[in-house]
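Structure at a glance
So you can see what is in the structure, the chains are spelled out below.
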Amino acid sequence: MSWGTELWDQFDNLEKHTQWGIDVLEKYIKFVKERTEIELSYAKQLRNLSKKYQPKKNSKEEEEYRYTSTRAFLATLNEMNDYAGQHEVISENMTSLITAELTRYVQELKQERKSHFHDGRKAQQHIETCWKQLEASKRRFERDCKEADRAQQYFEKMDADINVTKADVEKARQQAQLRHQMAEDSKAEYSSTLQKFNSEQHEHYYTHIPNIFQKIQEMEERRIVRIGESMKTFADVDRQVIPIIGKCLDEITKAAESVDHKNDSQMVIEAFKSGFEPPGDVDFEDFTQPMKRTVSETSLSNSRGDGKSEPKFGSKSKGKLWPFIKKNKGAGPEDFSNLPPEQRRKKLQQKVDELNRDIQKEMDSRDALTKMKDVYIKNPQMGDAASVDHRLAELGQNIEKLRLEVQKFEGWLAEVEGRLPARTEQPRRQSGVYEAQNPSGVNSCAQDRESPDGSYTEEQSQETEMKIPATDFDDEFDDEEPLPTIGTCKALYTFEGQNEGTISVAEGELLYVIEEDKGDGWTRIRRNEDEEGYVPTSYVEVYLDKNAKDS
């Protein structure tokens, strides 16, 4: 099966077919190129998707990723990033192994095809030239034969005419002989040209053209093999990344299997546990005796403690209520006294660990500088030993400051953990959420309570550095406009508001609502123009005005 013998007369069709083969190859190259662009686009979209849902650094969202379910989600995002990387590998390998290679091969193929068909046209032109020479020789032989016949006839006519001189007859005879000789020469030339043409034609159709067509056939078969190999490479490039993609999926499955609902539930407890005890039983108040009721009402308004000069909410000492003001977005106290005991302990422990790490870093730097100084002392040409003394002194001061900080925070931590007898708490019924009282007066140690926004604050003693004079806040809040009433409420239970910012209510008492619960479990109410404060939301039944609801 050879194109040279089977298709010896199909030069034009072979030229069209091989051009079609190159077009097919270029079309396949374009297909692979578009596939690589799709892979790159897909990988980019996957990376952007993974980045979009990554937790922001130093944000509350990052803290949420301590749960097993959110850690599994984070692992999924990381694996999707690696998954996207494999699609980039597919694109890179297809570009280098298929697109680039085939593009270079197409250029070589076009040059080879051009060369082969140039040789074919050259052979055709040669045989056509030989054919033209044969035709010219044939026509010349034919013309000479006719000229010889006419010369012979003219000689015979002159020889038969008695009026013609002998000289004219001789001249005609010589002319006839010359024409016959020319005809013989043309015949010999035509015969030679014919033999030469037949030889060239045989060589053309049985040697030159088969060889050229055989090369074209081999070229076309190589193109077919090459495109087949490229298709196989196309599949192999995908197949090579399947194990890694499978590993990514296995890691996602492993992360999903690591989700532990019990562990997450325990972490919620650790995150929000305050350390306080639930409120005790509500005391029975007998309203059948008017005197007892009067005493009861008196005790509600004066239940802040005997001998305790703590002002009511709404008085001119509003400055002490700063922890409850919503617009105060500043940082909390240094000792985290605004947090409940359990959360405060965790924050203090984290601070101690952070300071210890800072101390270790400073000590490592000091050790490195000390070694450098020793090297300078032994080898003065390497540097001046005195040049590091200033930095060593700074590091020593930094370490000493950090150690003092550690001691301070460890003291607060010991107080929270009960290692130091910091205060004596009087057993009492606590408020609806969490509150603790220090009966020893204003100059006692810290007093823990929860503010309406869910945080806890501790009133500092005169001996602490964090004490803020009430007068600093008196002027700020005296000029504030009173909040408008947005509804009414009815007290479901008796509440003794013994902490700053709270207000005591009696069961069944009707009051005005000036600020509804913001999700922290507290509602702000008002009894009259000078007496307002917070009560647990669960202790009252709220009736908001229609206009307040719409707003």
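All values derive from a computational prediction rather than experimental measurement.

When its secondary structure is counted, the protein shows eleven helices and seven strands. Taking all 551 residues of the protein together, 33% fall into the buried category. Pairs at least 24 residues apart make up 70% of the contacts formed inside the protein by residues separated by at least 6 positions. For the protein, the accessible surface area stands at approximately 34500 Å², while carbon and sulfur atoms represent 51% of it.

Another aspect to go through is the pattern of salt bridges. This model, assessed by the stated rule, comprises 25 salt bridges. One salt bridge in this structure joins arginine 121 and glutamate 15, with 2.0 Å as the shortest N-O distance. In this pair, arginine 121 is assigned in helix α4 (residues 68-160) and glutamate 15 in helix α2 (residues 11-52), connecting sequence segments 106 residues apart. The salt bridge involving arginine 35 is made with aspartate 238; its shortest N-O contact spans 2.9 Å. Taken together, the positions of arginine 35 in helix α2 and aspartate 238 in helix α5 (residues 166-257) put the pair 203 residues apart, joining distant regions of the chain.

Evaluated as defined, the whole model comprises twelve aromatic pairs. Here tyrosine 28 and phenylalanine 31 contribute two aromatic rings whose centre-to-centre distance is 5.9 Å and whose plane-to-plane angle is 40°, an arrangement assigned as tilted. Placement of both tyrosine 28 and phenylalanine 31 in helix α2 is noted, with a separation of three residues, approximately one turn of the helix. Seen from their ring centres, phenylalanine 495 and tyrosine 539 are 5.7 Å apart, and the 75° between their planes marks the pair as edge-to-face. Here tyrosine 539 lies in the loop between β6 (531-536) and β7 (540-544) and phenylalanine 495 lies in the loop between β3 (487-491) and β4 (510-515), a separation of 44 residues in the sequence. Look at phenylalanine 495 and you get buried, because its relative accessible area is 0%. Put simply, the rings of Tyr493, Phe495, Trp522 and Tyr539 touch in pairs and so form one group of aromatic residues.

Pairing is antiparallel in the open sheet, where five strands are placed in the order β6-β5-β4-β3-β7. Only two strands of the sheet have a single neighbouring strand rather than two, namely β6 and β7. Across the sheet, the axes of successive neighbouring strands diverge by a mean angle of 40°, strand direction being ignored.

Okay, the environment of glutamine 177 next. Counting through the fold element by element, glutamine 177 comes out in helix α5. On the basis of relative accessible area, glutamine 177 is assigned to the partly exposed category, the value being 46%. In this structure the C-alpha to C-alpha distance between glutamine 177 and glutamine 152, which are 25 residues apart in sequence, comes to 7.9 Å.

Bringing the packing of α2 against α5 into the picture now. Where α2 contacts α5, the two axes come as close as 11 Å, and the packing angle between them is 15°. Classified by the angle their axes make, α2 and α5 are roughly parallel. Where α2 crosses over α5, the two elements pack in a sense that is left-handed. Counted by class, the contact of α2 with α5 contains 15 nonpolar, four polar and four charged residues.

Here arginine 35 falls in the buried class, since its relative accessible area comes to 17%. Look past the residues within four positions of arginine 35 in its chain and what remains in contact with it is Ile90, Met94, Phe234 and Asp238. Here aspartate 238 takes part through its side chain, which lies 2.9 Å from a polar atom of the side chain of arginine 35.

We now examine helix α9 (residues 389-416). Compared with the 40 Å implied by 1.5 Å per residue over 28 residues, the 41 Å span of α9 between its first and last C-alpha is a close match. Those residues of α9 not exposed but buried are Leu392, Leu395, Ile399, Leu402, Val406, Phe409, Trp412, Leu413, Ala414 and Glu415. Where the residues of α9 are buried, they touch α8 (341-378). The positive-phi residue at the C-terminal boundary of α9 is glycine 418, with phi of around 85°.

Attention now goes to a nonpolar patch on the surface. Among the surface-exposed residues, Trp8, Tyr205 and Tyr206 lie close enough to one another that they form a single nonpolar patch of about 360 Å² accessible area. Relative to the helices and strands, tryptophan 8 is located in the loop between α1 (3-6) and α2.

The biggest cluster of nonpolar side chains holds 31 residues, and the ones touching the most others in it are Leu25, Tyr28, Met94, Ile98, Phe213 and Ile216. Breaking this core down by element, the ones donating at least two residues are α2, α4 and α5. The greatest single-element share of this core, amounting to eleven residues, is contributed by α4. Those residues in contact with methionine 94 that lie beyond four places of it in its chain are Val32, Arg35, Thr36, Thr99, Phe234, Val237 and Asp238. By size, the runner-up hydrophobic cluster in this structure holds 14 residues, among which are Ile486, Phe495, Val505 and Tyr534.

Turning next to the pairing of β4. Remember that side chains alternate between the two faces of the sheet whenever the strand is regular. As judged from the four bridges shared by β3 and β4, these two strands associate in the antiparallel manner. Pairing of lysine 490 across the sheet is with leucine 510, part of β4. Here three bridges tie β4 to strand β5 (residues 522-528), and the two strands are oriented antiparallel to one another. Bridge pairing in β5 places tyrosine 512 opposite arginine 526. Counted between consecutive antiparallel strands, the loop separating β4 from β5 contains six residues, among which glycine 519 sits at a positive phi close to 100°.

A few words on the pairing of β5. Across the seven residues that make up β5, a large majority, five, are buried. Relative to β6, β5 runs antiparallel, the two sharing six bridges. From the neighbouring strand, arginine 526 faces β6, where its bridge partner is glutamate 532. Counting the residues that bridge the hairpin from β5 to β6 gives two residues.

Relative to the 138 Å expected for 93 residues at 1.5 Å per residue, α4 spans 135 Å between its end C-alpha atoms, a close match to the ideal helical length. Helix geometry: α4 is bent most strongly at threonine 95, by close to 40°.

One can find glutamine 214 in helix α5. The spacing of glutamine 214 and serine 2 is 212 residues in sequence and 6.7 Å in space, taken between C-alpha atoms.

Definitions and cut-offs
Just so you know, the residues in each chain are numbered from 1, in the order the chain's sequence is written. Reporting of local features is limited, given that this is a predicted model, to residues whose pLDDT is at least 70; pairs of side-chain atoms are given and counted only at 80 or more, and all residues count toward the totals for whole chains, interfaces and linings. The basis for the side-chain values is all heavy atoms of the structure; hydrogens and waters are excluded. A helix here means a DSSP run of H or I that spans at least four residues, while a strand means a run of E at least two residues long, and both kinds are numbered starting from the N terminus. We call a residue buried when its accessible area falls under 20% of the maximum for its residue type, exposed when it is over 50%, and partly exposed in between, using a 1.4 Å probe and counting protein chains only. Residues count as neighbours in contact if any of their non-hydrogen atoms are within 4.5 Å of one another. Per-residue and other accessible areas were derived by the Shrake-Rupley procedure at a 1.4 Å probe size, with only the shown protein chains allowed to occlude residues. A pair is scored as a salt bridge if a Lys or Arg side-chain nitrogen falls within 4 Å of a carboxyl oxygen belonging to Asp or Glu. Any two rings among Phe, Tyr and Trp, with Trp reduced to its six-membered ring, count as a pair given centres within 6.5 Å; such a pair is stacked if its planes are under 30 degrees apart, edge-to-face if over 60, and tilted if neither. Pairing between strands is defined by DSSP: at least two bridges between the two strands are required. Axis definition: a line fitted to C-alpha atoms, limited for helices to the stretch in contact. Angles are taken between N-to-C directions and run from 0 to 180 degrees. If an angle is under 35 degrees, it is roughly parallel; if it is over 145, roughly antiparallel; if it lies from 65 to 115, roughly perpendicular; otherwise it is oblique. Handedness of a crossing follows from how the near helix is turned relative to the far one, being left-handed for an anticlockwise turn of less than a right angle and right-handed for a clockwise one. Residue polarity follows a fixed list, in which Ala, Val, Leu, Ile, Met, Phe, Trp, Tyr, Cys and Pro are nonpolar, Asp, Glu, Lys and Arg are charged, and the others, Gly among them, are polar. In protein, a polar contact means a hydrogen-donor-capable atom and an acceptor-capable atom, both N or O and within 3.5 Å, with residues adjacent in sequence counting only if both atoms are side-chain atoms; elsewhere, any N or O pair within 3.5 Å suffices. Expected helix span is taken as 1.5 Å per residue step, with the number of steps being one fewer than the number of residues. Residues forming no salt bridge and having over 30% relative accessible area are the ones grouped into patches, like charges within 9 Å of each other and nonpolar side chains (Val, Leu, Ile, Met, Phe, Trp, Tyr) within 5 Å. As used in this record, nonpolar core signifies buried Ala, Val, Leu, Ile, Met, Phe, Trp, Tyr and Cys residues forming a set joined through side-chain atoms within 4.5 Å. One axis is fitted to the seven residues ending at the residue and one to the seven starting there. The bend at that residue is the angle between these axes.

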